[in-house]
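# Structural overview for review
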Amino acid sequence: MHKPIWKLAWPIMLSNISVPLLGLVDTAILGHLDDHSHLAAVAMGASLLTFVLWSFGFLRMGTTALIAHSSGQYESQPTALQYQLSGLTHSALGLAACLGAIIYLCSQPLVAWAVEMVAAVDSVTPLAQTFLEIRFFAAPATLMNYVLLGYFIGLGQTKVPLYLLVSSNLANAILDYIMVYHFDLGSAGVAYATNIVEYSQLLVALIIVRPYLAIRIPLSDLKKHWPKLFRLNADLFLRTFLLLLTFAFFMTQGARHSAALLAANSILLNLLMFISNALDGFAVAAESLVGKAFGQKDRAKIWQVVKVSGLWSAGTAVLFSLVLLLFHDGILHLLTSQEDVLTLLAELEWWLIALPLVGFASYWLDGIFIGLGNGRAMRNSLIVATFFCFLPLWWGFQSWSYHGLWLALYGFLCMRAIWLLFKLKSALHNVVH
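Residues numbered from 1 in each chain as written. Predicted model: local features only at pLDDT ≥ 70, side-chain atom pairs only at ≥ 80, totals over all residues. Heavy atoms only, no water.

### Structural notes on the packing of helix 10 (residues 219–257) against helix 17 (residues 402–429)
Two elements in contact, helix 10 and helix 17, have axes separated by 10 Å at closest approach and are oriented at 170 degrees. One finds that helix 10 runs roughly antiparallel with respect to helix 17. Residues Arg239, Leu243, Thr246, Phe247, Phe250, Gln253, Gly254 and His257 of helix 10 pack against Tyr402, Leu405, Trp406, Leu409, Phe412 and Arg416 of helix 17. (Axes fitted to C-alpha atoms, helices over the stretch in contact; angles between N-to-C directions. Helix = DSSP H or I, 4+ residues; strand = E, 2+ residues; numbered from the N terminus. Parallel < 35°, antiparallel > 145°, perpendicular 65-115°, else oblique. Contact = heavy atoms within 4.5 Å.)

This is the structure we're talking about:
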């Protein structure tokens, strides 16, 4: 089982690392400008944009689960399998396109809400508003890209997301540099660059997938997939919404303290995203393998995937913490040269070093439960972690200032993992022989 997991995990690890690397590139480019308002604007704007768009991240997760289930269930029936996959993917793409269009049409009040949230930092407000107005134009492309990535992951074709995401993010980094330093567009240039790449990635992905989805599906057959999509995705939507609500609240509290703390927290959260996305390689491998085994009703294979993927995820988390322990100072100086931000980062360095160890279990278990198609347990884990852990800890430790805020985030990550571990055995017993 070690070999199949690594075969699926390493392309996802590389492709996932490229995603937060884009955020780190944005941070490094803007972090060396004289005015840190551009970095703070992108930090808050990107956080709030992610809050909206990743609320629909269920499109990736739900597609992965349903595609993997079908690949296991119809493995011995190639014609039926292709018909099933085509119907599921067409339905999910249609849903993504509609939701993306609605988000764009509603973007003006969303931007107004976002600007109100950062009103405490006057220098950041107009820059964040411009950034968001530009970025919302790419909402349809972003959501459709989620579906297509879920399709490839569900089939275990993890090299395709690798090629798509790495090439897209390399292009984005180049465009960022051009827009910021050659056209002097600041945070708006970062938004333009990202939009161009989002639509380019969608076009390439559709070209790749078109031969596999050429079957025409009657509307009556497409409707058969909608209950499965909505049932699973409703739970995943609430789960993702609460996850992003917590991180948006975290960033907003930093913004209310100072632009410097907002920038410092942005850097640390970008590093957290880098780490979690790397660890997600094992989670995504588990999604595909568990989902296929679930379709085959093979409980023993699911347990094997759970154990091996958990072992590798924990070992990789230890490695990341060791790297941060030894090299965190150099890494942070690469990302910013602003002295007030570096002073705050020095005070927060131990929160950064322990992040991989605290966070890995929740990422790994998310992958297991996505593979099982058990969105309800994932939803409930976020309800408990947000309302019975994060918010009480934040409220109770406000006297600790930003250290209390980080303590609350740690409690949030731990509670997610504890809840899912508690539910894992009963979830596996529901797998019918």
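From this point, the discussion proceeds with the structure in view.
### Here's the deal with the nonpolar core
Leu59, Leu143, Ile368, Trp406 and Phe412 are the most contacted members of the largest nonpolar core, which has 131 residues in total. Broken down by element, the residue count for this core peaks at 21 residues, all from helix 11 (residues 259–296). Setting aside residues no more than four positions away along its own chain, Ile368 makes contact with Ala286, Val290, Val306, Ser309 and Leu424. (Core = buried A, V, L, I, M, F, W, Y, C linked by side-chain atoms within 4.5 Å. Buried < 20%, exposed > 50% of the residue type's maximum accessible area, 1.4 Å probe, protein only.)

### Comments concerning helix 13 (residues 339–347)
Buried residues of helix 13: Val341, Leu342, Leu344 and Leu345, and no others. Buried residues in helix 13, looked at end-on, bunch into an arc of 160 degrees, giving them a common side. Among the structural elements, helix 11, helix 12 (299–335), helix 14 (349–353) and helix 17 are those in contact with the buried residues of helix 13. (Arc of directions from axis to C-beta.)

### Concerning the pattern of salt bridges
Opposite charge on two side chains allows them to pair when their charged atoms are near. For the coordinates displayed, the defined rule picks out five salt bridges. Of the charged contacts in the structure, one is a salt bridge between Asp366 and Arg239, with a shortest N-O distance of 2.6 Å. With Asp366 in helix 15 (residues 355–371) and Arg239 in helix 10, this residue pair connects regions lying 127 residues apart in the sequence. The same class applies to Asp366 as to Arg239, namely buried. With a closest N to O distance of 2.6 Å, Arg416 and Asp366 form a salt bridge. Placement of Arg416 in helix 17 and of Asp366 in helix 15 is noted, with a sequence separation of 50 residues between them. Exposure remark for Arg416: the relative accessible area of 3% places this residue in the buried category. Here the residues in one salt-bridge network are Arg239, Asp366 and Arg416, joined through shared partners. (Salt bridge = Lys/Arg side-chain N within 4 Å of Asp/Glu carboxyl O.)

### Observations concerning the packing of aromatic side chains
Scanning the model with the defined rule gives 18 aromatic pairs in all. A ring pair is formed by Phe247 and Phe412, whose centres lie 6.3 Å apart and whose planes are at 90 degrees; its orientation type is edge-to-face. Of the two residues, Phe247 sits in helix 10 while Phe412 sits in helix 17, which places them 165 residues apart along the sequence. Assigned by exposure class, Phe247 and Phe412 land together as buried. Arranged with centres 6.5 Å apart and planes meeting at 50 degrees, the rings of Trp419 and Phe422 form a pair that is tilted. Highlighted residues: Trp419 and Phe422, both in helix 17, separated by three residues, approximately one helical turn. Assessed through its relative accessible area of 23%, Trp419 is described here as partly exposed. Joined through ring pairs, the aromatic side chains of Phe247, Phe249, Phe390, Trp394, Trp395 and Phe412 make up one cluster. Stacked on the ring of Phe294, the Lys or Arg Lys297 has its end atom at 4.5 Å from the ring centre. (Phe/Tyr/Trp six-rings, centres within 6.5 Å; stacked < 30°, edge-to-face > 60°. Lys NZ or Arg CZ within 6 Å of the ring centre and 35° of its normal.)

### Regarding unusual backbone geometry
Despite not being glycine, Lys297 shows a phi value in the positive range, around 60 degrees. We classify Lys297 as partly exposed; its relative accessible area is 35%. A positive phi angle is found at Ser401, which is not glycine, with a value near 55 degrees. With respect to the helices and strands, the residue Ser401 is situated in the loop between helix 16 (375–396) and helix 17. On the accessibility criterion, Ser401 (36% relative accessible area) is partly exposed.

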